[in-house]
Amino acid sequence: MKYVKYFFLILFFFNCISIYAQSYDPYIGIIPAPVSVKQNTGVFKLTPETFILVDAPDDKAVLFFKEYIKKAGYGNGFTDISNIDKKTGLTNSIKILTNFKSTIPNDGYELTITDNQITLSGKGAGLFYGIQTLIQLMDSKKAGYATLQCAVIKDNPRFAYRGMHLDVARHFFDVNFIKKYLDVMAAYKLNYFHWHLTDDQGWRIEIKKYPKLTEIGSKRAQTKVGNAIGNDSDLYDNTPYSGFYTQEEIKDIVEYADKRYITVVPEIEMPGHSLAAIASYPEMSCHPNIPYKVSENWGVTTDVLCPNDATYRILQDVLSEIVSLFPGKYVHIGGDECPKDAWRASEFCQQLIRDQRLRDENGLQSYFIQQIQKYLNARSRTIIGWDEILEGGLASNAVVMSWRGEAGGIAAAQLNHDVIMTPNSGGLYFDHSQSKSPQEPLSIGGYSPLWKIYNYDPVPVALNAEQQKHIIGVQANLWTEYIATNAKAEYMLLPRLLALAEIAWSPKGNKDYINFSEQRVARHLPRLDAQGYDYRVPEAIGADDTTLYGETFKVVLKEPMQGAKIYYTIDGYTPRETDFLYTKPITVTVPKKKRIDLQTVTISPTGKRSNVTHTYLENGVMPDFGDK
Ligand code: TNX
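Residues numbered from 1 in each chain as written. Predicted model: local features only at pLDDT ≥ 70, side-chain atom pairs only at ≥ 80, totals over all residues. Heavy atoms only, no water.

Where do I start with the overall build of the protein chain in this structure?
Along the backbone of the protein chain there are 17 helices and 26 strands. Counting every position in the protein chain, which comprises 628 residues, the buried fraction comes to 56%. By sequence separation, contacts in the protein chain at least 24 residues apart represent 73% of the contacts at least 6 residues apart. Only carbon and sulfur atoms are counted for the fraction: they give 54% of the accessible area of the protein chain, which is about 27400 Å². Looking at charge distribution, the protein chain has the averaged site of its 67 positive side-chain charges lying 7 Å from that of its 71 negative ones. (Helix = DSSP H or I, 4+ residues; strand = E, 2+ residues; numbered from the N terminus. Buried < 20%, exposed > 50% of the residue type's maximum accessible area, 1.4 Å probe, protein only. Contact = heavy atoms within 4.5 Å. Areas by Shrake-Rupley, 256 points an atom, 1.4 Å probe, with all protein chains shown as cover. Lys, Arg positive; Asp, Glu negative; His and termini not counted. Charge placed at Lys NZ, Arg CZ, Asp CG, Glu CD.)

Now the structure itself:
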């Protein structure tokens with residue numbers, strides 16, 4: 001009997017250590033961090049028998065939840081609350097209310113978890129976001145049931161516009177992929193999908209009145225291999241490339257997004273980045289007799305739309321179809337990177353500048369944008385454009401996307417434009433590399449690691465309180481010059497999208513990168529894995545590519561993902577599953593004037609691998625190794 005007692009004591013002691021090691025998470029795993037989480041003792045046990053009581057069975061968010069519950073194997077059916085004897089609902093049930101007394105901010109929700117009931121209150125999008133939080137908490141399911149810690153969560157978004165962009169012009173992504181993209185956006189409470197549908201390298205949306213836009217414009221003869229920047233190797237893949245969405249597919253996507261409270265913002269690029277359109281209808285160029293072809297290389301081309309009648313006629317017809325396909329209030333008209341060479345060389349453009357008393361070609365660009373803006377405003381649409389649209393004056397209801405740093409956004413807010421922050425310098429270009437390691441896949445370059453996105457704050461300090469109100473949100477962009485496969489798009493997206501979600505949704509004061517990356521992201525990666533997403537496996541926490549100096553080193557590492565394993569070597573070989581498994585701090589003693597290369601790799605439960613890290617441990621003055 002005495003021994004049994006000791007056994008329990010020891011067990012208790014070890015449990016304490018492991019609970020301590022997990023450390024306290026103020027946001028109980030939720031991404032983006034909610035406005036407030038009050039944790040209580042006890043747990044709610046969710047089982048396949050749990051009742052789900054709803055007061056609005058046909059609500060869009062409730063229907064979404066119903067589908068999730070069915071797939072996850074929970075829930076004793078959904079019961080309309082008005083039809084049920086109240087008492088039945090009191091034991092082990094989830095109550096979802098759209099009718100409630102408390103005041104909840106716009107798009108917000110309240111979620112109360114006690115040991116016998118979960119109550120979620122919210123309306124419209126707010127209810128949908130509450131459901132996303134609930135699903136995150138439910139996903140800890142093991143052996144048929146999940147336990148949810150008792151808590152009271154109050155939540156609402158910081159910004160109204162929380163966007164994720166995808167370029168389908170440089171590379172095409174099919175309907176199934178787009179839906180998967182929307183799924184992960186919805187799970188993290190992002191609500192605008194900016195769909196970059198046209199560019200020099202491809203026109204990807206069927207336009208009934210102008211079939212050549214896809215017959216010709218959706219196809220290119222071949223594609224540049226490798227990074228185009230500083231690369232004049234002239235290596236092309238010699239393989240035709242094509243793809244576009246039919247209008248039926250577009251409608252399907254718009255509806256799928258709407259069920260997830262995501263508004264699709266279509267982008268039709270003009271007057272630059274339009275070579276695919278010009279190749280289809282050369283009358284849209286200032287020099288229609290030159291032979292044009294859909295671009296096979298990346299970068300900025302001098303072949304741009306001409307502000308002539310043919311261009312306006314075609315664009316207006318295109319936009320009329322766009323407006324009928326996309327019910328959201330925004331249409332993005334591009335406006336970036338439009339070299340003026342063709343306009344300078346065009347007698348027509350020069351005459352137009354004189355006739356309209358425009359300053360120069362920049363004035364002509366804004367004249368062009370204003371014509372399009374008038375057309376769209378008359379159809380109850382607000383235009384969004386890249387920050388170049390500001391140069392040369394603009395009607396004030398145009399929304400500016402600040403991509404060349406923050407300057408354009410600051411200037412626009414000062415002129416009372418609404419602004420969406422998406423600076424390439426703020427980590428929000430997901431086509432940039434996620435680390436400096438040469439093991440990263442080909443990218444355009446740049447450096448946008450997870451921490452950089454997380455540390456970005458969308459509201460520039462240069463703005464006063466009134467001007468700051470014009471910052472309606474933030475977006476990250478996934479340009480796909482160097483992203484040809486679904487797996488790579490997901491790799492570049494995840495887990496960076498989680499950091500975007502947090503800066504877009506959570507109050508600034510709730511940000512805590514250590515908690516985010518080491519506790520919550522670590523919990524979400526297995527979830528993304530189970531959902532079949534590719535993602536970048538982070539390196540072991542504590543294993544940095546750096547040089548440390550000393551004699552005896554105590555190396556403390558931590559798995560960056562729950563269930564992942566860290567393997568290491570000190571013999572110069574690349575670590576793999578056959579090497580040492582990290583289980584506790586390692587002590588490495590380095591002989592005088594020697595250097596040891598401590599290498600680590602993190603391997604996820606499904607076998608995905610991180611980059612290999614190199615931490616050089618050096619003792620004393622070194623001979624020149626010349627290889628660092
Ligand atoms: C600039 S962002 C562009 C895109 C490129 C991107 C690559 C913007 C408005 N224009 O055309 O794909 O850089 O990072």
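Explanation requested: the domain arrangement of the protein chain in the structure shown.
By convention, interface size is frequently given as the accessible area that disappears when the constituent parts associate. Taken domain by domain, the protein chain consists of domain 1 (2-20 + 539-619), domain 2 (36-155) and domain 3 (161-511). Look at where the C-alpha atoms of domain 2 and domain 3 centre, and you get two points 38 Å apart. With 13 residues of domain 2 at the contact, the number on the domain 3 side is 11 residues. Overall, the association of domain 2 and domain 3 removes approximately 1100 Å² of surface from exposure, summing both partners, and the carbon and sulfur fraction of that is 54%. It is Lys-60, Phe-128 and Tyr-129 that lose the most area in domain 2 upon contact with domain 3, and together they represent 49% of the buried surface on that side. Linking domain 2 with domain 3 are one salt bridge. In this structure, Asp-258 and Lys-60 form a salt bridge, with 3.4 Å as the shortest nitrogen-oxygen distance. At the boundary of domain 2 and domain 3, one finds five residue pairs in polar contact (both at pLDDT 80 or more). (Domains from an automatic or database assignment. Buried area = accessible area lost by both parts, 1.4 Å probe. Salt bridge = Lys/Arg side-chain N within 4 Å of Asp/Glu carboxyl O. Polar contact = N/O pair within 3.5 Å; in protein donor to acceptor, adjacent residues only side chain to side chain.)

Is there a simple way to explain the state of the cysteines in this structure?
Among covalent bonds in proteins, the disulfide is the one between the sulfur atoms of two cysteines. Scanning the entire structure with this criterion turns up one disulfide. Its sulfur unpaired, Cys-349 is 3.6 Å from the next cysteine sulfur, which belongs to Cys-286. The exposure class assigned to Cys-349 is buried, which follows from its relative accessible area of 0%. (Disulfide = S-S within 2.5 Å.)

Hey, could you run me through empty space enclosed by the protein in this one?
To find leftover empty space, one rolls a probe the size of a water molecule over the atoms. If you walk through the whole model with that rule in mind, you get one cavity of 30 Å³ or more. The wall of the largest cavity is formed by Asp-431, Leu-442, Ser-443, Ile-444, Trp-479, Glu-481, Tyr-482, Ile-483, Lys-488 and Met-492. Within the lining of the largest cavity, the residues separate by chemical class into six nonpolar, one polar and three charged. (1 Å grid on protein atoms, 1.4 Å probe; cavity = no way out; pocket = protein on both sides within 12 Å on 5 of 7 lines; lining within 4 Å. Points joined across faces, edges and corners; volume = space filled by probe spheres on them. Nonpolar A, V, L, I, M, F, W, Y, C, P; charged D, E, K, R; others polar.)

Can you walk me through the sheet that holds strand β22 (residues 565-569) in this structure?
Through backbone hydrogen bonds, the strands of a sheet pair up, either in parallel or in antiparallel fashion. The sheet built from five strands is open, its strands ordered β20-β26-β25-β22-β23 with mixed pairing. With partners counted over all chains shown, the strands left at the sheet margins are β20 (546-549) and β23 (580-581), one partner each. Where β20 meets strand β26 (residues 613-618), four bridges bridge the pair, whose relative direction is parallel. Within the sheet, the bridge partner assigned to Leu-548 lies in β26 and is Leu-617. (Pairing = 2+ DSSP bridges.)

Would you mind going over the sheet that holds strand β1 (residues 36-46) with me for this structure?
Read from one edge of the open sheet, seven strands run β1-β7-β5-β6-β4-β2-β3, paired in mixed fashion. A single partner strand is all that each edge strand has here, and the edge strands are β1 and β3 (78-80). Neighbouring strand axes in the sheet, compared pairwise and without regard to direction, differ in orientation by 20° on average. As judged from the three bridges shared by strand β2 (residues 51-54) and β3, these two strands associate in the parallel manner. Bridge pairing in β3 places Leu-53 opposite Thr-79. (Axes fitted to C-alpha atoms, helices over the stretch in contact; angles between N-to-C directions.)

Help me understand the pattern of salt bridges, please; the structure alone is not making it clear to me.
Pairing between side chains becomes possible if they bear opposite charge and their charged atoms approach one another. Per the counting criterion, the structure on display carries 27 salt bridges. Glu-481 is paired through a salt bridge with Arg-170; the nearest N and O atoms lie 3.5 Å apart. Of this pair, Glu-481 sits in the loop between β19 (471-476) and α15 (486-493) while Arg-170 sits in the loop between β8 (161-167) and α4 (175-187), placing them 311 residues apart in sequence. You'll find Glu-481 and Arg-170 in the same group, each marked buried. Where Lys-508 meets Asp-457, a salt bridge forms, and the shortest distance between an N and an O atom there is 3.9 Å. Separated by 51 residues along the polypeptide, Lys-508 in the loop between α16 (496-505) and α17 (513-530) and Asp-457 in the loop between α13 (450-455) and α14 (465-468) bring together distant segments of the chain. Through salt bridges with shared partners, a single ionic network connects Asp-167, Arg-170, Asp-199 and Glu-481.

Explanation requested: the side chain of Gln-373 in the structure shown.
The residue Gln-373 is located in helix α11 (residues 361-377) in this model. For Gln-373, a relative accessible area of 2% corresponds to the buried category. One polar contact links Gln-373 to Asn-397, side chain to side chain, over a distance of 2.8 Å. Leave out the neighbours within four places in its chain, and Gln-373 touches Ile-383, Leu-394, Ala-395, Asn-397 and Ala-398.

What exactly am I supposed to notice about the site of the ligand here?
In the vicinity of the ligand, the residues found are Arg-170, His-273, Asp-336, Glu-337, Trp-386, Trp-403, Tyr-429, Asp-431, Ile-444, Trp-479 and Glu-481. Residue Arg-170 places a side-chain N or O atom 2.8 Å away from an oxygen atom belonging to the ligand. Contact distances for the ligand include 2.8 Å between a nitrogen atom and a side-chain N or O atom of Asp-336. Look at the ligand: alone it shows 360 Å² of surface, and the protein chains cover 93% of it. For the shell around the ligand, the residue count by class is five nonpolar, one polar and five charged. (Near = heavy atom within 4 Å.)

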